[in-house]
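# A look at the structure
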Amino acid sequence: MKEFDFGMVGLGVMGRNLLLNMADHGFSVAGLDLDPEKAASLEKEASEEHTIKGTTSAQEFVSLLQKPRAIMLLVPAGKPVDAVINSLLPYLEEGDIVVDGGNSYFPDTNRRVEELDAKGIHFFGMGISGGEKGARFGPSMMPGGNESAYERLRPIFEAIAAKVNGEPCVTYLGSGSAGNYVKMVHNGIEYAIMELIAEMYDLLKRGYGVSDAKIQQLFEDWNNSELASFLLEITADILKKEDEVTGKGLLLNYISDTAKAKGTGKWTSQNAMDIQAPVPAIDAAVQMRDISKYKEERVKAAKSLTWEAPAEDTDVDTLAATLKDAFYFSMINIYAQGMAQLTIASKEYNYGLNLEEVAKIWRGGCIIRAACLEDFRKAYQKDQHLPNLLLDETLGASLVATQTAARNAVKMTVDKGIPASVLMSAVAYFDSYRSEILPTNLIQAQRDFFGAHKYERTDKEGIFHTEWNS
Ligand code: 6PG
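This text gives an overview of the structure that appears in the document. (Residues numbered from 1 in each chain as written. Predicted model: local features only at pLDDT ≥ 70, side-chain atom pairs only at ≥ 80, totals over all residues. Heavy atoms only, no water.)

Counting across every chain of the model gives 19 aromatic pairs. An angle of 45° between the planes, with centres 5.4 Å apart, marks the rings of F219 and W222 as tilted. Residue F219 and its partner W222 are both found in helix α9 (residues 212–223); the two are separated by 3 residues, about one turn of the helix. Just as F219 is buried, W222 falls in that class too. Put simply, the rings of Y105, F106, Y181, W267, Y349 and Y351 touch in pairs and so form one group of aromatic residues. (Phe/Tyr/Trp six-rings, centres within 6.5 Å; stacked < 30°, edge-to-face > 60°. Helix = DSSP H or I, 4+ residues; strand = E, 2+ residues; numbered from the N terminus. Buried < 20%, exposed > 50% of the residue type's maximum accessible area, 1.4 Å probe, protein only.)

The next point concerns the site of the ligand. Taken together, 14 residues lie near the ligand, and S129, E190, Y191, K262 and R289 sit nearest. Between the ligand and the protein, one listed contact pairs an oxygen atom with a backbone N or O atom of G130 at 3.0 Å. Contact between the ligand and N187: an oxygen atom at 3.1 Å from a side-chain N or O atom of the residue. The protein chains hide 79% of the 410 Å² of surface that the ligand would expose on its own. No other element matches the 5 residues that helix α8 (residues 178–207) contributes to the shell around the ligand. Classifying every residue of the shell around the ligand by side-chain character gives 3 nonpolar, 7 polar and 4 charged. Counting only domains with at least three residues in the shell around the ligand, you end up with domain 1 (6–176) and domain 2 (183–433). (Near = heavy atom within 4 Å. Polar contact = N/O pair within 3.5 Å; in protein donor to acceptor, adjacent residues only side chain to side chain. Areas by Shrake-Rupley, 256 points an atom, 1.4 Å probe, with all protein chains shown as cover. Nonpolar A, V, L, I, M, F, W, Y, C, P; charged D, E, K, R; others polar. Domains from an automatic or database assignment.)

For the rest of this paragraph, the subject is the pairing of strand β2 (residues 29–32). Of the two faces of β2, the one holding V29 and G31 and the one holding A30 and L32 are both buried throughout. Taken together, the 4 bridges between strand β1 (residues 6–9) and β2 define a ladder with parallel strand orientation. Note on β2: the bridge partner recorded for F6 is V29. Note on the crossover from β1 through helix α1 (residues 13–24) to β2: the handedness is right-handed. As paired elements, β2 and strand β3 (residues 52–55) share 4 bridges and run parallel to each other. Residue A30 lies in a different strand from β3, and its bridge partner there is K53. Crossover handedness for the path β2 to helix α2 (residues 36–45) to β3: right-handed. (Pairing = 2+ DSSP bridges. Right-handed = clockwise from strand over helix to strand, strands pointing away.)

Before going further, it helps to spend a moment on the side chain of N223. The topology assignment puts N223 in helix α9. Not counting chain neighbours up to four residues away, the residues in contact with N223 comprise A228, S229, L232 and E233. (Contact = heavy atoms within 4.5 Å.)

The next thing to look at is the nonpolar core. With 91 residues, the main nonpolar core has F219, Y335, L342 and W362 as its most contacted residues. Shared between two domains, this core holds at least three residues of each, these being domain 1 (6–176) and domain 2 (183–433). Contacts of F219, omitting those with residues within four sequence positions, involve I197, M200, Y201, L204, L232, T235, A236 and L239. By size, the runner-up hydrophobic cluster in this structure holds 32 residues, among which are L11, L42, I52 and M141. (Core = buried A, V, L, I, M, F, W, Y, C linked by side-chain atoms within 4.5 Å.)

A cis amide bond links K67 with the next residue in sequence, P68, at an omega value of -10°. A positive phi angle is found at N350, which is not glycine, with a value near 55°. For N350, the position within the fold is in the loop between α14 (316–349) and α15 (355–361). Overall, N350 belongs to the exposed group, its relative accessible area being 60%. The phi angle at K454 is positive, at roughly 70°, despite the residue not being glycine. Its location among the elements puts K454 in the segment after α19 (440–451).

A separate point is the sheet that holds strand β6 (residues 122–129). One open sheet holds the 7 strands; their spatial order is β3-β2-β1-β4-β5-β6-β7, and the pairing between them is mixed. One side of each edge strand has no neighbouring strand; the edge strands of this open sheet are β3 and β7 (140–144). Each adjacent strand pair in this sheet contributes to an overall mean axis angle of 25°, direction not counted. Bridge count between β6 and β7: 5 bridges; the pairing is antiparallel. (Axes fitted to C-alpha atoms, helices over the stretch in contact; angles between N-to-C directions.)

Below is the structure:
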């Protein structure tokens, strides 16, 4: 009987597409799904050159695989992952590898690594980005786990990953939950960039009355510049899609403005607070999705909390030039926050992350792929201990050059009464980060005043307390 190179549990679109991608690259693959239809349709989708087998039996599935076995799970995060692991365990042997390819919460991955390690099985948490198409034709993959066990996976993952200048968008990232953590922050950045684009769209459309067609053109132009990115590209496409239901105007204009979220952005913010990594742009993006949920209240408030924006004549081209630079400025600030969080988390959790490698594998395949990732890669190549991208000379100089535009864009949103939390937070972050002196001395004094929490002085060593009332 043929021994298969790789096994997949969960034959939903992502799992199926990844397997077909592997089969395209000459690997023999087996899939397990409890749904007989999914197991059968996998084989139906295969071409003549593919060696693919689908099954509904865990025992048969495991017995098909070449040892040490390499098995990926693509099932919903949470309990289903544990359930699948438990269903496979009776058939697995020492040295086998289980890769969780879902958006699992990283502490769950740490627990699973430990539990399976006790049985001699290597557990990997691997973020996969790029959606259905990415899975089929080249995703970006973020694996973390046992470094030597990764060698069994490497040839398969490198073959199926997206390529940028011939380099695969996958690399071993670090131990334990490193892969899930990197993917979590990827998604946090994803939230913030999406919100930034939405704010630009809102300012142009509601603030300045620019037409959808003109905004579409602008975003397409921006995407052909240093702002080139997957998220701008798809936004330009979204702004072209006509509504098929009514046949009147853009589909976008019929979509409800209440946003949903699966939770990875929230985890990024939550954990950033735990490890004291400031990521205000990501926080703002998560909060904007939350605010969007209070539709009824917003409708009411719109009637009472009115603001008449001052009328003015603005030339659209001048406006667009300002917003383009403001976009660049904010985008760099967003990535800088996410990358700094990774740097802090790597120390906190001993991941041993190499940020140059992270930038490298985010250049293609993933949702936050963008031209600027190459600049980030170069920045970390120059200085692998760079604590924040804002301190890179080249990036710093471009931020200094574009800050006027970002500040002006913030003023415009305030004048027009258009919410722009991410844009505003980018400017505020930049100003906080470049402030040699912050007013936190006053906060220390206040804490000492009401709670005797003590403070340090700038002119001598020691811890001090003052009786402020006396
Ligand atoms: C990706 C995406 C993917 C998924 C998000 C959606 O990298 O391919 O990030 O993982 O689309 O998790 O997240 P929300 O539902 O939270 O917006």
